[in-house]
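Spelled out, the chains give:
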Amino acid sequence: MIVHVVFWIVAVIAVLAGAAVFWVDSMARATYALAVSFVAVGVAVLLMQQNYIGVVTILMMVMEMAVMAVYMVMFMGMNPALMPMSMVHDKRWALAAAVGMFAVLAAGILLIDWPARHGKPAADVTAALGEALMGPQMLVMVVVSPVMVSTIVSAIVLAARRTRYDRFGDDLKHRPADPQPGGVGR
Amino acid sequence: MTLQTVLLVAAALFCVGLYGAVSQQVVVMVMMGLELMINAVILAVAGFWWFVMPTPTGQVLLLVVIAAMTVEMAMGFAIATLLHRDRGTDMTDMATDLSG
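Residues numbered from 1 in each chain as written. Chains lettered and ligands numbered in written order. Predicted model: local features only at pLDDT ≥ 70, side-chain atom pairs only at ≥ 80, totals over all residues.

Structural notes on the overall build of chain B
Move 1: When helices and strands are tallied, chain B shows three helices and zero strands.
Move 2: Its C-alpha radius of gyration of 16 Å places chain B more than 25% over the 13 Å reference for a compact globule of 100 residues.
Move 3: Principal axes of the C-alpha set define a box for chain B whose edges measure 50 × 25 × 20 Å.
Move 4: In chain B, which comprises 100 residues, the proportion classed as buried is 54%.
Move 5: Considering only intrachain contacts with a sequence separation of at least 6, the fraction spanning at least 24 residues in chain B is 51%. (Helix = DSSP H or I, 4+ residues; strand = E, 2+ residues; numbered from the N terminus. Rg over C-alpha atoms; globule rule 2.2 N^0.38 Å. Buried ≥ 20, exposed ≤ 12 C-beta atoms within 10 Å, placed from the backbone. Contact = placed C-beta atoms within 7 Å.)

This is the structure we're talking about:
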């Protein structure tokens, strides 16, 4: 019983906080609202006994919101908590698309005859996940790992002001015109 | 708490995120919309895992979704940095080179 009550509380909080992200008039408040929504979803996941996934979701999103706050200060050039702002376009069409999408999804959810539960969760769900990742599901980790590495490299190449490709250009044998030469023997 | 209620909450979150991703002009706010949509996917997959097939495979799928969210976040921040450095703006309307 208490699980159902807690689920409905966090469900309402998750949706309302999610809506508040685009309703409040400052980016700082929007960030906090998104963090609250993510924490509420993390609690809902914990209610379904997925302890590891729920905790990872909460920790990751809290850290991401902290990074977002830094980005707002960097890019907006203002105190994001004090400066009201409303920067939207096609608000009416976006609202219509969202409402239409919800109607379609809700109809599908309510009309489909969902299958009954097959099996039951392992006694230690987190240990079962670890064993699956290190056993039959290892291919997933093998694929995700290079994707993460390539993401790191791509993000740095995009975000860095000046990389080796800017220094050397097409002629890799040419000495780059660095303002301050580096390396051994400078 | 049933599968339908979990999925309805996830659908509501997804549609709120869709509204934000379509309507917002600031890149970071668009990313917030996308993350709300992925948040909804996490909740829906968790619901399917719990109510339909509670095997470790479902949790592995959740890890893949979280990894996709991480990639979206990292690349979004990198593109926002590049856009701000190149054009001095963080608005999507100033980066329409590929539109049309």
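Some remarks on the overall build of chain A
Move 1: The secondary structure content of chain A amounts to seven helices and zero strands.
Move 2: Order of helices (α) and strands (β) in chain A, N terminus to C terminus: α-α-α-α-α-α-α.
Move 3: Here chain A, with 186 residues, has 22% of them falling under the buried criterion.
Move 4: Considering only intrachain contacts with a sequence separation of at least 6, the fraction spanning at least 24 residues in chain A is 55%.

Description of the interface of chain A and chain B
Move 1: In this complex, chain A contributes 66 residues to the contact, which on the side of chain B involves 59 residues.
Move 2: Contributions of two or more residues to the side of chain A that touches chain B are made by helix 1 (2-21), helix 2 (27-47), helix 3 (51-76), helix 4 (91-111), helix 5 (125-133) and helix 6 (138-159) of chain A.
Move 3: Here the side of chain A that touches chain B takes 11 residues from helix 4 of chain A, the largest share from any one element.
Move 4: Its residues assigned to classes, the side of chain A that touches chain B shows 49 nonpolar, 11 polar and six charged. (Nonpolar A, V, L, I, M, F, W, Y, C, P; charged D, E, K, R; others polar.)

Some thoughts on the nonpolar core
Move 1: Grouped together as the largest cluster of nonpolar side chains are 68 residues, with contacts concentrated most on Ala14 of chain A together with Ala10, Leu13, Val28, Leu43 and Ala46 of chain B.
Move 2: Elements with a contribution of two residues or more to this core: helix 1, helix 2, helix 3 and helix 4 of chain A together with helix 1 (3-23), helix 2 (27-51) and helix 3 (56-87) of chain B.
Move 3: With 18 residues, the top contributor of residues to this core is helix 2 of chain B.
Move 4: Leaving out residues up to four positions away in the same chain, Ala14 of chain A has contacts with Ser37, Ala40, Val41 and Ala44 of chain A together with Val9 and Leu13 of chain B. (Core = buried A, V, L, I, M, F, W, Y, C linked by C-beta atoms within 7 Å.)

Notes on the environment of Ala155 of chain A
Move 1: With respect to the helices and strands, Ala155 of chain A occurs in helix 6.
Move 2: Judged by C-beta crowding, with 20 C-beta atoms within 10 Å, Ala155 of chain A ranks as buried.
Move 3: With 12 residues separating them in the primary sequence, Ala155 of chain A and Arg167 of chain A have C-alpha atoms 18 Å apart.
Move 4: Excluding its chain neighbours within four sequence positions, the residues that come into contact with Ala155 of chain A are Ala74, Met75 and Ala78 of chain B.

Here's the deal with the packing of helix 4 of chain A against helix 1 of chain B
Move 1: Here helix 4 of chain A crosses helix 1 of chain B at 160 degrees, and the two axes come no closer than 8 Å. Classified by the angle between their axes, helix 4 of chain A and helix 1 of chain B sit roughly antiparallel to one another. For the crossing formed where helix 4 of chain A meets helix 1 of chain B, the hand is right-handed. Listed contacts from helix 1 of chain B to Lys91, Ala94, Leu95, Ala97, Ala98, Met101, Phe102, Leu105, Ala106, Ile109 and Leu110 of chain A of helix 4 of chain A are Gln4, Leu7, Leu8, Ala11, Ala12, Cys15, Val16, Leu18, Tyr19, Val22 and Ser23 of chain B.
Move 2: Here the residues of the contact of helix 4 of chain A with helix 1 of chain B are counted per class, giving 19 nonpolar, two polar and one charged. (Axes fitted to C-alpha atoms, helices over the stretch in contact; angles between N-to-C directions. Parallel < 35°, antiparallel > 145°, perpendicular 65-115°, else oblique. Left-handed = near helix turned anticlockwise from the far one by under 90°.)

Topic: the confidence of the model for chain B
Move 1: Predicted confidence across chain B gives a mean pLDDT of 86, with 98% of residues reaching 70 or more.
Move 2: Taken element by element, the predicted model of chain B shows its lowest mean pLDDT in helix 3 of chain B (86) and its highest in helix 1 of chain B (92). (pLDDT = per-residue confidence, 0-100.)

Points about unusual backbone geometry
Move 1: A positive phi angle, near 65 degrees, is found at Gln49 of chain A, a position not held by glycine.
Move 2: Position of Gln49 of chain A among the secondary structure elements: in the loop between helix 2 and helix 3.

Section: the packing of helix 6 of chain A against helix 3 of chain B
Move 1: Two numbers describe how helix 6 of chain A lies on helix 3 of chain B: the axes approach to 8 Å, and their chain directions differ by 10 degrees. Our classification of the angle between helix 6 of chain A and helix 3 of chain B gives roughly parallel. Contacts between helix 6 of chain A and helix 3 of chain B involve Val140, Val144, Val147, Met148, Thr151, Ser154, Ala155, Leu158 and Ala159 of chain A from the former and Val60, Val64, Ala67, Val71, Ala74, Met75, Ala78, Ile79, Thr81 and Leu82 of chain B from the latter.
Move 2: Its residues assigned to classes, the contact of helix 6 of chain A with helix 3 of chain B shows 16 nonpolar, three polar and no charged.

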